Structures are given as structure tokens and as C-alpha cells.
Amino acid sequence: MKTRTVPPDRKNKTSAILRLERINSELLSLKDNLKSYTCEPKTPRLFEQRETIYQELDDLRKNNQQLIEDIQSPADGKETRHESIAGRLKQFHDLERNVLEYIGMAKMHC
């Protein structure tokens, strides 16, 4: 019985796409958390901060989606893709930290 092996390049593309899709899923989850009534802004500063976070969440999700499309295209640069994914992961973690900080501040102003 022969076993199929997936070419390394295709395997890397698949794992990159899955990683980006997972980040997008987490971004949607963070956005849902911000929509909770406990996170309603009570001050103008919190309102501005929440709107900025919403915009950053949307921008990162759109950029990830564009990168997924670029990865799926036949001509792409592996080095650029790897650096982009690492950068997106760092952006996600920074944004996640900002969301958690905002939620903490919003709950303090109840």
C-alpha cells in the first residue's frame, strides 16, 4: 500500500492558511466580547478606545483574509509570507492585550 506524502510547500501553505483562519476566528470572538453590555463605554475616552479597537480588529481580519488569498495564489514569496504571518501573530497578541485592557477599564467604570 502506497502512502501519499504532501509536498512540503503545500503543507506549509496549508498550515499558514489554517493559522490565519484561526486568528480571524479569534478576532471575531474578541469583537463579540466587546459587544457585551458589560463593556459599554461610560466615558468619551472609553468610547474612542472601543471604536479604535473595533477598527483595528476589522483591519487585521481583512489583512489576514488578503494574505490567505495571496498564499493561495500560485506565485508568492515564501520568505515574505513567513514574515507576514509572524507579524500578524504579533499584531493579534498586541490587539488581544488591548481588548483585555479595555474590558478591564470598562468594568471598572460600572
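Along every chain, residues carry numbers that run from 1 in the direction the sequence is written. Local features in a predicted model are, by the rule used here, given only for residues with pLDDT of at least 70; side-chain atom pairs are given and counted only at 80 or more, and totals for whole chains, interfaces and linings are based on all residues. Derived side-chain values reflect all non-hydrogen atoms in the structure, with water molecules and hydrogen atoms excluded from consideration.

Quick look at the overall build of the chain
Then, in step 1: A count of helical and extended segments in the chain gives 3 helices and 0 strands.
Then, in step 2: Accessible area is worked out with a 1.4 Å probe on protein chains only. A residue is then buried under 20% of its type maximum, exposed over 50%, and partly exposed in between. A buried classification covers 29% of the 110 residues belonging to the chain.
Then, in step 3: Accessible surface, the chain: about 7,700 Å² in total, of which carbon and sulfur atoms supply 52%. The helix count covers DSSP runs of H or I at least four residues long, the strand count covers runs of E at least two residues long, and both are numbered beginning at the N terminus. For every accessible area listed, the method is Shrake-Rupley and the probe measures 1.4 Å; residues are considered covered only by the protein chains on display.

Some points on the nonpolar core
Then, in step 1: Joining through side-chain atoms within 4.5 Å is the link that ties buried Ala, Val, Leu, Ile, Met, Phe, Trp, Tyr and Cys residues into a set, and such a set is a nonpolar core. Core analysis: the largest hydrophobic core is formed by 16 residues, its most contacted members being Leu27, Leu34, Ile53, Leu57 and Tyr102.
Then, in step 2: For this core, the secondary structure elements donating two or more residues are helix H1 (8-34), helix H2 (44-72) and helix H3 (78-108).
Then, in step 3: Residue contributions to this core peak at 6 residues, all from H3.
Then, in step 4: The residues touching Leu34, leaving out its near neighbours within four places in the chain, are Cys39, Arg50, Ile53, Tyr54, Leu57, Val99, Tyr102 and Ile103. By definition in these notes, contact holds between two residues if any of their heavy atoms fall within 4.5 Å.

A word on H2
Then, in step 1: Between the first and last residue of a helix there are one fewer steps than residues, each counted as 1.5 Å, and that sum is the expected span. Across its 29 residues, H2 extends 42 Å between first and last C-alpha, which sits within 8% of the 42 Å expected from 1.5 Å per residue.
Then, in step 2: Every buried residue of H2 is accounted for by Leu46, Arg50, Ile53, Tyr54, Leu57, Asp58, Leu60, Asn64, Leu67, Ile68 and Ile71.

Some thoughts on the pattern of salt bridges
Any two side chains of opposite charge can pair if their charged atoms end up close together.
Then, in step 1: Counted as salt bridges are all cases of a side-chain nitrogen of Lys or Arg within 4 Å of a carboxyl oxygen of Asp or Glu. Across all of its chains, the model carries 5 salt bridges by this definition.
Then, in step 2: Between Arg50 and Glu40 there is a salt bridge, and its shortest N-O distance comes to 3.6 Å. Placement of Arg50 in helix H2 and of Glu40 in the loop between H1 and H2 is noted, with a sequence separation of 10 residues between them.
Then, in step 3: Between Asp94 and Arg97 there is a salt bridge; the shortest N-O distance is 3.4 Å. Of the two residues, Asp94 and Arg97 are both situated in helix H3; the distance of 3 residues between them amounts to about one turn of the helix.
Then, in step 4: Look at Asp94 and you get partly exposed, because its relative accessible area is 24%.
Then, in step 5: One salt-bridge network, held together by shared partners, links Glu40, Arg50 and Glu51.

Topic: the environment of Lys107
Then, in step 1: Relative to the helices and strands, Lys107 resides in helix H3.
Then, in step 2: For Lys107, a relative accessible area of 48% corresponds to the partly exposed category.
Then, in step 3: Linking Lys107 and Pro41, residues 66 residues apart in sequence, is a C-alpha distance of 9.0 Å.

Topic: the environment of Ser84
Then, in step 1: Its place among the elements puts Ser84 in helix H3.
Then, in step 2: Here the alpha-carbon distance between Ser84 and Asn64, two residues 20 residues apart in the chain, equals 9.3 Å.

Section: the environment of Glu21
Then, in step 1: As for its placement among the helices and strands, Glu21 is situated in helix H1.
Then, in step 2: It is 8.1 Å that separates the C-alpha atoms of Glu21 and Ile68, two residues lying 47 residues apart in sequence.

Shape descriptors only; they carry no functional weight alone.
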